[in-house]
Amino acid sequence: MLRLIATFILIYLLFRVVTTWLLPMLVRWYINRFKRRYHRENQRPKPEQAAAKTDKLGEYVDYEEIREKDNHQEKHPGSKPQE
């Protein structure tokens, strides 16, 4: 009977050590492993690479909206056409 009680106490103490020390260390290691994998797979391009991509696009063209004179007069018959 004394041996059974000592076995339960030993199992309980081992369980406490595992849950307070080893389990948090394993979880932290596992999370850091996934963080490193995520950052390795999803790296942002370096500034040199980003500049090279924009050079291939061409130059920027600024567009303005142009209204036709006939269209403007139909909407507002009494007003003067804009030039």
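Heads up: the structure comes first, above all this text.
Overview of the structure. (Residues numbered from 1 in each chain as written. Predicted model: local features only at pLDDT ≥ 70, side-chain atom pairs only at ≥ 80, totals over all residues. Heavy atoms only, no water.)

1. A short note on the overall build of the chain
Moving on, step 1. Of regular secondary structure, the chain possesses three helices and zero strands.
Moving on, step 2. Reading the chain from its N terminus to its C terminus gives the helix and strand order α-α-α.
Moving on, step 3. Counting every atom, the chain has about 9,200 Å² of accessible surface; 59% of that belongs to carbon and sulfur. (Helix = DSSP H or I, 4+ residues; strand = E, 2+ residues; numbered from the N terminus. Areas by Shrake-Rupley, 256 points an atom, 1.4 Å probe, with all protein chains shown as cover.)

2. Regarding the packing of aromatic side chains
Between two aromatic rings, the relevant description is the distance of the centres plus the angle of the planes.
Moving on, step 1. This structure, assessed with the given rule, holds one aromatic pair.
Moving on, step 2. Aromatic pair Tyr-30 and Phe-34: ring centres 4.9 Å apart, planes at 70°, arrangement edge-to-face. A residue pair is termed a helical-turn pair when its members lie 3 or 4 positions apart in one helix, as Tyr-30 and Phe-34 do in helix H1 (residues 2-41) at four residues.
Moving on, step 3. Judged by its relative accessible area of 37%, Phe-34 is partly exposed.
Moving on, step 4. The ring of Phe-34 has Arg-33 lying over it, and the distance from NZ or CZ to the ring centre is 5.7 Å. (Phe/Tyr/Trp six-rings, centres within 6.5 Å; stacked < 30°, edge-to-face > 60°. Buried < 20%, exposed > 50% of the residue type's maximum accessible area, 1.4 Å probe, protein only. Lys NZ or Arg CZ within 6 Å of the ring centre and 35° of its normal.)

3. Examining H1
Moving on, step 1. Between its first and last C-alpha, H1 extends 57 Å over 40 residues, near the 58 Å set by a 1.5 Å rise per residue.
Moving on, step 2. At Val-18, H1 shows its largest bend, some 40°. (Expected span 1.5 Å × (residues − 1). Bend = angle between axes of the 7 residues up to and from the residue.)

4. Describing a nonpolar patch on the surface
Moving on, step 1. A cluster of nonpolar residues, Met-1, Leu-4, Ile-5, Phe-8, Ile-9, Ile-11, Tyr-12 and Leu-13, forms a patch on the protein surface that exposes about 880 Å² of accessible area.
Moving on, step 2. With respect to the helices and strands, the residue Tyr-12 is situated in helix H1. (Patch = residues over 30% accessible without salt bridge, like charges linked within 9 Å, V, L, I, M, F, W, Y side chains within 5 Å. Salt bridge = Lys/Arg side-chain N within 4 Å of Asp/Glu carboxyl O.)

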